[in-house]
Amino acid sequence: MDSLLTQIDNGTIWPIPGGIHPVGHKEQSSQTPIERLALPNEFVIPLKQHIGTQGTLLVNIGDRVLKGQALTEPKGHWALPVHAPTSGIISNIASLPSAHPSALPELSIVLTADNNDTWCELTPCDNYLELCASEIINKIRSAGISGMGGAGFATYVKAQPLQKIDYLIVNGVECEPYITSDDRLMQEHATTIIEGSLILAHVLKPERILIGIEDNKPEAIAAMQAAAKPYPHILIRVVPTKYPSGGEKQLIQLLTGQEVPNGKIPADIGIVVQNVATLFAIEQAVVHGKPLIERVVTITGHTIKSPGNAWVLLGTQVRELLLQRGFEPEAEQRVIMGGPMMGFTLPTVRVPVIKTTNCILAPSQVEQPFAGDEKACIRCSACADACPASLLPQQLQWFAKSQEFDKLEQHNLFDCIECGACAFVCPSEIPLVQYYRVAKVQIKEQKAEKAKAERAKERFEIRNRRLEKELAERQNRGKRPAAKVSEQAADTIQAALARTQNTASTSDDSTQDMAAIRAQRKEAARLYKEQKAAEHQDTPSNIESSAIPAEDKKSAVAAAIARAKAKKLAAEQPSDEAEPTPDTGNKDKKAAVARAKAKKLEAELLSDDEIADSAANDKKAAVAATIARAKAKKLAAEQPNNEAEALPDTSANDKKAAVAAAIARAKAKKLAVQAQDNAPASTTTDTEVNDNSTRLSDTATPQNEQTVLSDADDKKAKVAAAIARAKAKKLAAQAQDNAPASTTTDTEVSDNSTRSSDTATPQNEQTVLSDADDKKAKVAAAIARAKAKKLAAQAQDNAPASTTTDTEVSDNSTRLSDTATPQNEQTVLSDADDKKAKVAAAIARAKAKKLAAAQQAASPNHSTTEDDTQS
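Calculation criteria
Residues numbered from 1 in each chain as written. Predicted model: local features only at pLDDT ≥ 70, side-chain atom pairs only at ≥ 80, totals over all residues. Heavy atoms only, no water. Helix = DSSP H or I, 4+ residues; strand = E, 2+ residues; numbered from the N terminus. Buried < 20%, exposed > 50% of the residue type's maximum accessible area, 1.4 Å probe, protein only. Areas by Shrake-Rupley, 256 points an atom, 1.4 Å probe, with all protein chains shown as cover. Phe/Tyr/Trp six-rings, centres within 6.5 Å; stacked < 30°, edge-to-face > 60°. Pairing = 2+ DSSP bridges. Axes fitted to C-alpha atoms, helices over the stretch in contact; angles between N-to-C directions. Contact = heavy atoms within 4.5 Å. Expected span 1.5 Å × (residues − 1). Polar contact = N/O pair within 3.5 Å; in protein donor to acceptor, adjacent residues only side chain to side chain. Parallel < 35°, antiparallel > 145°, perpendicular 65-115°, else oblique. Left-handed = near helix turned anticlockwise from the far one by under 90°. Nonpolar A, V, L, I, M, F, W, Y, C, P; charged D, E, K, R; others polar. Core = buried A, V, L, I, M, F, W, Y, C linked by side-chain atoms within 4.5 Å. pLDDT = per-residue confidence, 0-100. Salt bridge = Lys/Arg side-chain N within 4 Å of Asp/Glu carboxyl O. Disulfide = S-S within 2.5 Å.

1. Quick word on the overall build of the protein chain
A tally of regular secondary structure across the protein chain gives 29 helices and 16 strands. Per-residue burial over the protein chain gives 47% buried out of 871 residues. Working note: accessible area of the protein chain is about 43400 Å², and carbon and sulfur atoms make up 53% of it.

2. Side note on the packing of aromatic side chains
For the structure on display, the rule yields two aromatic pairs. Seen in terms of ring centroids, W78 and F153 are 4.7 Å apart; in terms of plane orientation they differ by 90 degrees. Their pairing is edge-to-face. Placement of W78 in the loop between β5 (72-73) and β6 (88-97) and of F153 in the loop between α2 (133-142) and α3 (155-158) is noted, with a sequence separation of 75 residues between them. Since its relative accessible area comes to 29%, W78 is described here as partly exposed. According to the relative accessible area criterion, F153 is partly exposed, its value standing at 29%. An angle of 35 degrees between the planes, with centres 5.5 Å apart, marks the rings of F280 and W311 as tilted. Of the two residues, F280 is situated in helix α8 (residues 276-287) and W311 in strand β13 (residues 308-313); the sequence distance between them amounts to 31 residues. Grouping residues by exposure puts F280 and W311 together as buried.

3. Here we look at the pairing of strand β7 (residues 105-113)
Pairing between strand β2 (residues 42-46) and β7: five bridges, direction antiparallel. Directly across from F43, in β7, lies its bridge partner L111. Both β6 and β7 contribute to a ladder of nine bridges, which runs antiparallel. Paired with I93 across the bridge in β7 is I109.

4. Focus on unusual backbone geometry
What you tend to see is this: most non-glycine residues have negative phi, and most peptide bonds are trans. Here the amide bond leading from Y243 into P244 is cis, since omega sits at 5 degrees, within 30 degrees of zero. In this structure, D117 is a non-glycine residue whose phi angle is positive, near 55 degrees. Relative to the assigned elements, D117 resides in the loop between β7 and α2. Positive phi values are uncommon outside glycine, yet Q403 reaches one of about 55 degrees. Following the sequence through the fold, Q403 ends up in the loop between α11 (393-401) and α12 (405-410).

5. Focus: the sheet that holds strand β11 (residues 271-275)
One open sheet accounts for four strands, arranged β10-β9-β8-β11; its pairing is parallel. Lying at the two open borders of the sheet, with one neighbouring strand each, are β10 (234-239) and β11. On average, each strand axis in the sheet is inclined to that of its neighbour by 25 degrees, with strand direction left out of account. Contacts from α8 reach β8 (167-172) and β11, with the element oriented near 85 degrees to β11.

6. A short note on α8
With 12 residues, α8 extends 16 Å from end C-alpha to end C-alpha; this agrees with the ideal 16 Å at 1.5 Å per step. Restricting attention to buried positions, one finds in α8 the residues V276, A277, T278, L279, F280, A281, I282, E283, Q284, A285, V286 and V287. Where α8 starts, the residue carrying a side-chain oxygen 2.8 Å from the main-chain nitrogen of A277 turns out to be N275. Downstream of α8 by one or two residues, G289 has phi in the positive range, about 75 degrees.

7. Quick look at helix α14 (residues 432-475)
End to end, α14 covers 64 Å across 44 residues, agreeing with the expected 64 Å (1.5 Å per residue, within 8%). L432, V433, Y436, A439, K440 and I443 are the residues of α14 that are buried. Contact partners of the buried residues in α14: α10 (382-386), α11, α12 and α13 (421-425).

8. Focus: the sheet that holds β7
Within a sheet, each strand pairs with its neighbour through backbone hydrogen bonds, oriented either parallel or antiparallel. Spatially, the four strands line up as an open sheet ordered β2-β7-β6-β4, and their pairing is antiparallel. Looking at the sheet topology across the chains shown, the edges are occupied by β2 and β4 (64-65).

9. Some details on the packing of helix α5 (residues 190-204) against helix α6 (residues 218-228)
Two numbers describe how α5 lies on α6: the axes approach to 8 Å, and their chain directions differ by 55 degrees. Comparing their axes, α6 and α5 come out oblique. Classified by chirality, the crossing of α6 by α5 is right-handed. Taken together, the residues of α6 that come into contact with α5 (itself represented by A190, T191, I193 and I194) are A223, M224, A227 and A228. Split into classes, the residues belonging to the contact of α5 with α6 amount to seven nonpolar, one polar and no charged.

10. Section: the nonpolar core
Counting residues in hydrophobic clusters, the biggest one holds 73 residues, and the most contacted among them are I211 and M224. The residues contacting M224, other than those within four sequence positions of it, are M186, A190, I193, I194, I211, I213 and I236. Judged by nonpolar contacts, the second largest core, of 23 residues, contains V239, L251, L255 and A421.

11. What to know about the confidence of the model for the protein chain
When the pLDDT values of the protein chain are averaged, the result is 75; 62% of them are 70 or greater. Within the model, the stretch residues 573-585 combines pLDDT values under 50 with 22 contacts to residues more than four positions away or in other chains. The model gives residues 860-871 a pLDDT under 50, and that stretch makes 12 contacts with residues more than four places away or in other chains.

12. Describing the pattern of salt bridges
One pass over the structure, following the stated rule, counts 20 salt bridges. One salt bridge connects K164 with D166, and the closest N-O pair in it is separated by 3.4 Å. A salt bridge links R466 to E470, with the nearest nitrogen and oxygen atoms 3.4 Å apart. Linking R466 with E470, this pair stays in helix α14, spanning four residues, or about one helical turn. Accessibility expressed as a relative area gives 41% for R466, which makes it partly exposed. Assessed through its relative accessible area of 30%, E470 is described here as partly exposed. Among the charged side chains, a network of salt bridges with common partners joins K164, D166 and E207.

13. Some thoughts on the state of the cysteines
Enumeration over the complete set of coordinates arrives at zero disulfides. Free of any disulfide, C387 has its nearest cysteine sulfur in C416, 6.4 Å distant.

14. Some remarks on the side chain of S87
Here S87 is to be found in the loop between β5 and β6. Among the polar contacts made by the side chain of S87, one reaches the main-chain amide nitrogen of D117 at a distance of 3.1 Å. Within the structure, S87 has its side chain in polar contact with the backbone nitrogen of T118 (distance 3.1 Å). What S87 contacts, discounting residues up to four positions off in sequence, is V65, L66, K67, T112, A113, D114, N116, D117 and T118.

15. Observations concerning the environment of V170
Along the chain, V170 turns up in strand β8. Note: C-alpha distance between V170 and V276 (106 residues apart in sequence) is 6.2 Å. Not counting residues up to four positions away in its chain, the partners in contact with V170 are S197, I209, L210, I211, G212, Q274, V276 and L279.

16. Some words on the packing of α11 against α14
At a closest axis distance of 9 Å, the pairing of α11 and α14 adopts a crossing angle of 50 degrees. It follows from the interaxial angle that α11 and α14 lie oblique. Remark: the crossing between α11 and α14 carries left-handed chirality. Between α11 and α14, the residues in contact are P393, Q394, L396, Q397, A400 and K401 and L432, Y435, Y436 and A439, respectively. Partitioning the contact of α11 with α14 into residue classes produces seven nonpolar, two polar and one charged.

17. Here's the deal with the side chain of H83
Turning to its location among the elements, H83 is positioned in the loop between β5 and β6. Within the structure, H83 has its side chain in polar contact with the backbone oxygen of S142 (distance 3.1 Å). Non-local contacts of H83, meaning those with residues more than four positions away in its chain, are made with I45, G68, Q69, A70, L71, S142, A143, G144, P291 and I293.

Following this line, the structure appears as structure tokens:
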């Protein structure tokens, strides 16, 4: 089998699928030569006339330009410049209707001609073979040449493919009806076209140049064969007349038998296709230095009196062409830019001719009737048979109507060349091509939006990576490696580090030693405290005091003072009892003793008043004073009883003793009321305490104390009052032990003392307040009872058989008042509580003085009663 090149050289023509044979109507314009029209007065030059981007403006309104002068400068890829078609002045730069089915406005330059048609300076080239490929490509680009056969693809881009080019195909088929511009150009300028193909071949280096011409153009075929005869690698191939054999992919298949893959371009298979008009423009740009400012346009149709082909300057309005060719419009006249198959109807004739404009068709209604209303598809498959791309037009139309874009792409919508063969043969007159064009635009917009979103996402990700990198650099800015140091500096640093470590270890050792020493000291202090506590708890007094709560320390001190006084009296009683006291004149002696004691106490009270006043705010001192008054009252009440016991033989003595006791109690109450009036406002009133003390002296039980005192703050006062009552009873019992018939009384007093001692401790107060401390209270009560019994036993051993005299009692009272001084109390009290003890002692002495005064007042009444009894 011959190779592809051999088959091409042998003139093989390959068939193509589909295609139609419409009426040509080419004879209307192909019989006359190309003419040059009169220079119009105004040109509208769009900045974009090709597929790609527009250039940057180089002129402003009012500028004067020359023919062939560049009006824009290409910036970026796929950009091409535009040039002034004639000399004149830039009168306007604005958005004007474009050569598009929608006539959307595009930025355009309005040039007013000066009718001089003066060229700018050109740069021709006598021998293009001396130019390199890049220089030729730059000349092609600077001239603004784009594909002039249809799409308007930038020629300089196609002139620099990435792959090796095997065949350069020159498209001279011109298959669409009515259009004869390429036919006339080949007939009149065949040599120029061949020269342009040789220039492009100099750049592409193809093996063969294939020129395809339809068999309905015999004059053009003859002219081209004559021009190409000197060049054996240029082959003229005549193809059968069939629409759309002039399509790029269809012509490639006709001349080489190769098909362009889906989504590829001809350059991917080593082929480049150029139109004959484009090759003519390349020759003009490279050899003569002329930019693309004019082209051949077919002006035809039954409404045109003088149809034919003409050289038209780019920017000339369609209206000018029609007027110069004798246009006679009809009702509902249509003007089509392009052919009847692939062209489009212009919305206005004031649009300019651009680089891709090859025909202006003005048909009559008989010639080109309007399409009828769209009817339902009858599934005749005529469209599929006519499609040169072997597509399914009916299926594509359904997908386009339902906007199923994915399925459109799956059915290769973009392989459609929009030739219109399917719509031409459709019996239902369905405008299939219009559906395809709209669908293509929608898909492109969708892809553009998706690409835009992808670019935005990519920029966002790049920005995030950049911010993360900057953040990491900022964070690691302080972690940069240290600069290298010399060996000597390194040794110095190591030595300093070693010294620091040694210092740190030494400090750690010293710290540990100090911690150990502190721990030993704490342990020694704890053992010392435990030893002291054990020694302190071994003594009975400490056992008793250990049961006292910390918060009742002051109450415990008062109790200790009372116990010391009791011990003092018990120690002094034996010596007093040894002295005999006569029975006669007891009343007078008692009165004298009481008066002496009162005077002594009054003298001491005057010196102690200031101390009492300084402690006026001390509630406990007021309570202690009240307790002392109650004690004095109790003693005054019990002394007459003792006197009565000294005379058991007579009932008169009992009566007198009762009367004396009643008088003493009345006097004591009166004195208590007077003392209350003189007491400070911040202390508890004497009257209330005296009354309470009187009732407590009768009962001496915690239950009665709780009923009398309502306030929680009087608890300590209750304890102190109970202690005072117990001491008073104990003193009375000791005095009674000296009487003849005192056995029963001693027992009662001892019991009372025991019960009073039970209640005279802070533990008994806690017994009332809380049952949890009952055990401690019992221990304290047992100790108190033991002490009371011991004192009672000592008193009985020292007492004589006879009754105790009044003088002994008086002496004991005197000694009690003498010993109840702050100096003796200081043996029990600590230095911190010395002041309060002095205050309590002074108040006690004052109360004793008042008691003595009461007894003195009661003595005359007692004598009178005794005399009456004797008589």
